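# Understanding the architecture of this molecule
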Amino acid sequence: MTSRRDFLWQISAMALVASSVSSLRSWAQAPTPTIDVPGEDGLIVRSFRFVDLETPVEYFNTWLTPVPRFFVRNHMHEPNELDAATWRLTIAGEVEKPLTLSLTDLAKLESHSVVNTLECAGNGRGFYRPQVPGIQWQKGAVSTARFSGPRLRGLLEHADVKASGKHVMFRGLDEVPGRVPLFIRSIPIEKALDSDTLIATHMTGAPLTKHHGFPARALVPGWIGAASCKWLTEIKVLDSEFVGNFMSPGYRLPNQPVKPGDAVKPEDMHPVTGLNVKSLIAGPADGSRIKPGRILVHGVAWAGEADVAKVEISTDGGTSWKPTTLGQERARYAWRLWRHELTAKPGEYSILSRATDSQGRVQPDTAVWNPSGYLYNAIDQVKIHVA
Ligand code: MTE
């Protein structure tokens, strides 16, 4: 077993490798630092302070991401002690009948499954220019799993929410170092009562692993990953949005596009909720050398609470676009696989991918810059050498 100290030592060593690699271009060309974290499989280390692991894009060739390849995002330390026997979940606040549930109690409730593409709001932050502070995620702070567990709505019905209950707050068991504010967030009651919002205990058929929130996490489908609180122990119904660092200034976007350096007043910001429309090219790999002939271009595309309508690719810099074939596997909040076969003669190629969703949103050439680097969704691009 790797202790936390050993683990931190290993990732510090990786930090030395990574710190010499600064620009976007060199990141793309340099070998990316990966690490074998127990239970994880070849993920890219993006932060050395807490466990923040990115999935390499070439792993995005299955509809469900194998759990060891599912990205990990932690704002602080994972809990040291997690005992399924003593774990309790409380539901209190603006309710008539506060509840305390054990894991056995949760297991007795009807389980519902939702296949959800979970994406960190900061995925792609590393591509914004000028650069913004925060984890410099590139493409892979996104993955898909089948989450299962009781509906949050059922628990809230048991607790009998008062008319004053407007928001639902989640709190997890993170270990908070020093003066770091607690990771506590809330969602509006309407989303909490949605039949697909879960208290998930399982991920793709197995109990949640510690990295993904064992023994229970919120699952708020179609919304940014930050809504889905891990290691959940407390649900509190509030009469207004929770006030705290991870609600404001955290996870808020300016109402209008702003220029880098502009001051934005809190009242001119809104919370980030649903995900953008976005596609990624999983293969061929950026920078690869390929033999002339037929080349399979493939990847994934998702759109949060909307459906993916189409994914197109271009090999002439976006002048013309060809339709791709979407995969058969689909679910309301899950990404679609897509593929297209090209015939390529020797030469240099730049392949672009662009998704459009059921709300008419189209992946833009350039993502809208914002001070925290959220929701990056520019058209994806890989360069290949056919020889
Ligand atoms: N829940 C707790 N308790 N603490 C956290 O740091 N990170 C959030 C969310 N839930 C977080 C959390 C963020 S920002 C994301 S993107 C998702 O968890 C990532 O989920 P994963 O690590 O299972 O991929």
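Summarised in this report is the structure supplied together with it. Given the structure is predicted, the values throughout are model-derived calculations rather than measurements.

Definitions and limits used
- Residues numbered from 1 in each chain as written.
- Predicted model: local features only at pLDDT ≥ 70, side-chain atom pairs only at ≥ 80, totals over all residues.
- Heavy atoms only, no water.
- Near = heavy atom within 4 Å.
- Polar contact = N/O pair within 3.5 Å; in protein donor to acceptor, adjacent residues only side chain to side chain.
- Areas by Shrake-Rupley, 256 points an atom, 1.4 Å probe, with all protein chains shown as cover.
- Nonpolar A, V, L, I, M, F, W, Y, C, P; charged D, E, K, R; others polar.
- Pairing = 2+ DSSP bridges.
- Helix = DSSP H or I, 4+ residues; strand = E, 2+ residues; numbered from the N terminus.
- Contact = heavy atoms within 4.5 Å.
- Phe/Tyr/Trp six-rings, centres within 6.5 Å; stacked < 30°, edge-to-face > 60°.
- Buried < 20%, exposed > 50% of the residue type's maximum accessible area, 1.4 Å probe, protein only.

## Examining the site of the ligand
Surveying the vicinity of the ligand reveals 20 residues, the closest of which are F71, D174, H212, R217 and K230. Here an oxygen atom of the ligand and a backbone polar atom of H75 are 2.8 Å apart. Side-chain polar atom of R217 to an oxygen atom of the ligand: 2.7 Å apart, as the coordinates give it. If the ligand stood free it would expose 530 Å²; the protein chains cover 100% of that surface. When grouped by side-chain class, the residues that make up the shell around the ligand number 10 nonpolar, 6 polar and 4 charged.

## So, the sheet that holds strand β25 (residues 380-386)
The sheet built from 5 strands is open, its strands ordered β18-β25-β24-β20-β21 with mixed pairing. Each edge of the open sheet carries a strand with a single partner, namely β18 (289-290) and β21 (322-323). With 6 bridges joining them, strand β20 (residues 308-314) and strand β24 (residues 347-357) adopt antiparallel strand pairing. Bridged to I313 within β24 is S353.

## A few points about the environment of L82
You can see L82 is positioned in the loop between β3 (52-54) and β4 (88-93). Beyond its immediate sequence surroundings of up to four residues, L82 is in contact with L173, K210, F214, P215 and W231.

## Some points on the packing of aromatic side chains
Applying the stated criterion across every chain, the model contains 9 aromatic pairs. Measuring from centroid to centroid gives 5.4 Å for Y251 and Y374, while their planes differ by 15 degrees, and the two rings are stacked. Taken together, the positions of Y251 in the loop between β14 (232-238) and β15 (252-254) and Y374 in the loop between β24 and β25 put the pair 123 residues apart, joining distant regions of the chain. Given the relative accessible area of 7%, Y374 is considered buried. What links up through ring pairs into an aromatic cluster is the set F70, F71, W137 and F147.

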